[in-house]
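# Overview (structure and organization)
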Amino acid sequence: MPTEKETILITAALPYINNVPHLGHIVGSHLPADIFYRFCRAKGHDVTFIGGSDEHGTPSVIAAQELGIPVKQLTDRLHAIHKNVYKKLNISYTNYSRTSKSIHHEVTKDFFKVIDAKGVYLHREELKMYFCQRDSLFLPDRFVIGTCPTCGYTSAYADQCETCSTVINPGELIDARCRICGEIPTYKLSPHLFLDLEKLSKKIDAWVESKKGIWNNHVYSIAKKWIDDGLKPRSITRDLTWGVSVPVPEFKNKVFYVWFDAPIGYITFTKELGNQYYERYWKNTKSKIFHFLGKDNIPFHTIFWPGMLIAHGGYSMPYKIVGFHYLNYEGKKFSKSKGVGVFCYNILNSDINIDTLRAYLTSVIPETKDSLFQWNEYRLHTNSEVIGKIGNFFNRTLNVIWNNFNGSLGIDAEQLTNNDELDRNLISSIKTTPEEIGKLLFKTEFRAAYQKMLDYAREGNVYLDRKEPWSLVKKGDLESAKKVLYITLNLAKSLAIVLSPIMPTGMQELWNNQLNFSGSLDTPEIWEKASKMDISKGHRIHKPKPLYEKIEIEKLEEIKKELTKPYNLNDLVKE
RNA sequence: CGCGGGGUGGAGCAGUUCGGCAGCUCGCCUGGCUCAUAACCAGGAGGUCGCCGGUUCAAAUCCGGCCCCCGCAACCA
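Residues numbered from 1 in each chain as written. Chains lettered and ligands numbered in written order. Predicted model: local features only at pLDDT ≥ 70, side-chain atom pairs only at ≥ 80, totals over all residues. Heavy atoms only, no water.

All right, on to the packing of helix α11 (residues 375–405) against helix α13 (residues 446–467) then. Orientation of α11 relative to α13, taken along the N-to-C sense of each, is 45°, at an axis distance of 9 Å. Classed by the angle they form, the pair α11 and α13 counts as oblique. Considering only the axes of α11 and α13, their crossing is left-handed. In this structure, α11 uses His381, Glu385, Val386, Gly388, Lys389, Ile390, Asn392, Phe393, Arg396 and Thr397 to contact α13, whose residues at the interface are Tyr450, Leu454, Ala457, Arg458, Gly460, Asn461, Leu464 and Asp465. Considered class by class, the residues forming the contact of α11 with α13 number seven nonpolar, six polar and five charged. (Axes fitted to C-alpha atoms, helices over the stretch in contact; angles between N-to-C directions. Helix = DSSP H or I, 4+ residues; strand = E, 2+ residues; numbered from the N terminus. Parallel < 35°, antiparallel > 145°, perpendicular 65-115°, else oblique. Left-handed = near helix turned anticlockwise from the far one by under 90°. Contact = heavy atoms within 4.5 Å. Nonpolar A, V, L, I, M, F, W, Y, C, P; charged D, E, K, R; others polar.)

Moving on, we come to empty space enclosed by the protein. Counted according to the given criterion, the structure contains one cavity of 30 Å³ or more. Lining the largest cavity are Leu409, Gly410, Ile411, Tyr486, Leu489, Ile535, Ser536, Lys537 and His539. Class assignment for the residues of the lining of the largest cavity results in five nonpolar, three polar and one charged. (1 Å grid on protein atoms, 1.4 Å probe; cavity = no way out; pocket = protein on both sides within 12 Å on 5 of 7 lines; lining within 4 Å. Points joined across faces, edges and corners; volume = space filled by probe spheres on them.)

Closest axis-to-axis distance for the helix α10 (residues 354–363)/α11 pair is 9 Å, and the angle between their directions is 105°. It follows from the interaxial angle that α10 and α11 lie roughly perpendicular. Of the residues in α11, those in contact with Thr356, Leu357, Ala359, Tyr360 and Ser363 of α10 are Glu377, Tyr378, His381, Thr382 and Val386.

In this section: helix α2 (residues 58–67). For α2, a buried count of seven out of 10 residues is recorded, marking the element as mostly surrounded by other parts of the structure. Among the residues of α2, those classed as buried are Thr58, Ser60, Val61, Ile62, Ala63, Ala64 and Leu67. Looking at the buried positions of α2, the neighbouring elements they touch are α3 (71–88) and α19 (569–574). Two residues or fewer after α2 comes Gly68, characterised by a positive phi angle close to 75°. (Buried < 20%, exposed > 50% of the residue type's maximum accessible area, 1.4 Å probe, protein only.)

Residues in close proximity to RNA strand B total 60 residues, the closest being Leu127, Asp159, Lys225, Arg447 and Pro546. Among all atoms of RNA strand B positioned within 4 Å of the protein, those belonging to sugar or phosphate total 74%. Between RNA strand B and Glu385, the relevant distance is 3.2 Å, taken from a sugar or linking oxygen to a side-chain nitrogen or oxygen of the residue. Within the side chain of Arg396, a nitrogen or oxygen atom sits 2.4 Å from a base nitrogen of RNA strand B. At 11 residues, α11 tops the list of elements feeding residues into the surface near RNA strand B. Split by residue class, the surface near RNA strand B holds 20 nonpolar, 17 polar and 23 charged. (Near = heavy atom within 4 Å. Polar contact = N/O pair within 3.5 Å; in protein donor to acceptor, adjacent residues only side chain to side chain.)

Residues annotated by UniProt as "short sequence motif: 'HIGH' region" (unreviewed entry) correspond here to residues 15–25. In this annotation, residues 15–25 is assigned 27% helix and 0% strand; the end-to-end C-alpha distance for the span is 8 Å. (UniProt positions renumbered as here; feature names shortened; annotations may be inferred.)

With that out of the way, let us pick up the pattern of salt bridges. As enumerated under the stated definition, the model contains 31 salt bridges in all. Between Arg396 and Asp465 there is a salt bridge; the shortest N-O distance is 3.2 Å. Of this pair, Arg396 sits in helix α11 while Asp465 sits in helix α13; the two residues are 69 residues apart in sequence, bridging distant segments of the chain. The class for Asp465 is partly exposed, based on a relative accessible area of 42%. Between Lys483 and Asp423 there is a salt bridge; the shortest N-O distance is 3.7 Å. Separated by 60 residues along the polypeptide, Lys483 in helix α15 (residues 478–499) and Asp423 in helix α12 (residues 421–442) bring together distant segments of the chain. There is no split in this pair, since Lys483 and Asp423 are both buried. Salt bridges linked by common partners bring Glu55, Lys72, Asp76 and Arg98 together as one network. (Salt bridge = Lys/Arg side-chain N within 4 Å of Asp/Glu carboxyl O.)

The three strands are arranged β7-β6-β8 in an open sheet whose pairing can be described as antiparallel. For this open sheet the edge positions go to β7 (156–157) and β8 (174–178), each flanked by a neighbour on one side alone. Pairing geometry for strand β6 (residues 144–147) and β8, over three bridges, is antiparallel. Across the sheet, the residue bridging to Val144 is Cys178, located in β8. (Pairing = 2+ DSSP bridges.)

Let us now look at the packing of aromatic side chains. In total, this model carries 35 aromatic pairs according to the counting rule given. Ring centres of Phe111 and Tyr315 lie 5.8 Å apart, and the angle between their planes is 10°; this geometry places the pair in the stacked category. Here Phe111, found in helix α4 (residues 102–118), pairs with Tyr315, found in the loop between α9 (298–312) and β14 (320–324); they are 204 residues apart in sequence, far enough to count as distant. On the accessibility criterion, Tyr315 (12% relative accessible area) is buried. (Phe/Tyr/Trp six-rings, centres within 6.5 Å; stacked < 30°, edge-to-face > 60°.)

The next thing to look at is the domain arrangement of chain A. Parsing chain A into structural domains produces domain 1 (7–113 + 259–349) and domain 2 (373–531). Once you take the C-alpha centre of each, domain 1 and domain 2 turn out to be 35 Å apart. Listed by partner, the interface residues are 24 residues for domain 1 and 22 residues for domain 2. Here domain 1 and domain 2 share an interface that buries about 2000 Å² over both sides, 64% of which is from carbon and sulfur atoms. On the domain 1 side of the contact with domain 2, Phe39, Ala42 and Lys43 bury the most area, a combined 28% of that side's loss. We note a salt bridge from Lys43 to Glu435, for which the minimum N-O separation is 3.1 Å. (Domains from an automatic or database assignment. Buried area = accessible area lost by both parts, 1.4 Å probe.)

Looking now at the environment of Asp196. By the element assignment, Asp196 lies in the loop between β9 (186–195) and α5 (197–209). Among the residues examined, Asp196 registers a relative accessible area of 9% and is labelled buried. Distance in space between the C-alpha atoms of Asp196 and Leu472 is 75 Å, their sequence separation being 276 residues. Non-local contacts of Asp196, meaning those with residues more than four positions away in its chain, are made with Tyr121, His123 and Pro233. From its side chain, Asp196 meets the backbone nitrogen of Glu198 in a polar contact 3.1 Å long.

Put into structure tokens, the structure is as follows:
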């Protein structure tokens, strides 16, 4: 039965480019989005996967300034690193772009102009801001440092003290000075544009309400709570030069707030692929847009971004906001400043197996609460689950066929007569399990789906142990042995397909070089084949060999050392 | 009393809607088996279900109070 073909756009949260990504970023959006994308493609949906670097905003400007380089150089360099890291991890973006591109500036301005022309959802307000006379620049709060009125920390920001976490109100900071030049800033009025979320509140609420049961509970609750607390107008402009300039004469020296321009990137990066993509996903009420992101991003994707879309009125609304919790590292938080964690820059030069890393990470995707990355768990997972259960099943099936039947069984499903209960159970499992796994994946329940894949492999192992085809061969009962192996060979084919979204490289190698099937596991609608017993009579496999290497403790130490090596941002962006 | 999510053997989770012997996978120990990169089978150790109190024949589950972790708190993104 062919499933209904859906039109699906998948996005992973745009990583903010003031540093290199760590594993928490990978597991919290890029990886699940990629698994989902690969699954949807295999299922035959019309699907596209986009993302890109979020380059604008104060933190990049400050980071660049501290390194003494132009901000463009910083983001050029970091964008390249991000792009390479995702490629290395087999994150198969259809388009991984960046917000500094001119097309994005145009799309953002157009988006703004449509809202502006309606004259309903935007208004201006004067804000009292720090202003540096020497730089003749309004200073965002993070550009102003001074002494915290609560704890006396001398490098506190104007909005919040990093040491004692106190929120500092405008004007309270002692000895305020410009972070760029050290000058004592004045305080003066600056006009800004605001998006009136209060006015949009009812519509946002109705939309959120319609997502009950589709979104995960915590995503729905967070959105609902924000609305119940009362939405307030939010400024969408900043006194910076790095960003998308505001196409209004009065605001010509300002840029859009990064949180205004960044989500519009989802539209830009689709449009970049061609107008037909843009029309199909963003101008089509039937398209389903899935946003994958970490929990810190939930309010922005459930409130602010939909508010923008409603105010604009001309685009499809997101279908599902898939929010994840955080991954911790060996019991601590990932921290770039403290050097805790795995920094993906190191992955570029590492020979760590990407499939097994992806598999372990899938098993700890923080779907319902924060979870833990632990090196030894990675080793154990690889050795006992990926190799012991999955790899071993492939290996023993293929080896027995190779060693005793010269790689070809010479039968097909027609010859499966006189099946006993064990045979019937496994055959029935092949017919139904891929669909069950698919349902879980479509519901973005990745851990449960992966667990089912492992159980599926286990079923094959148990069947082999019960049937002992190697003993049947010894006894001379070749017909029975062939039957058993024909069923397990079909299971192997099925497993390769369902596992491919998580372990794309190894499964593809198995598919072509060992199972000896042609073509790619990316082929649309290949998922249907996973529930078929359709291997032909004359099919001949190739010589089997192990797909993955076991990780010994010494090897683990080596990988760990390599991947946790501290890096110097300065060296990465200046070379 | 700011809000939300979470707290169940070492790890990841299910069970809480609607109370009924605390379960699954991995790890650890013992034994069996062996085609395979040691899978599978049998057995075992390991838990105050965050804490305190209440309701009940019976509480992980219902009620009240509290603690801890994480995120958010709108000019950090």
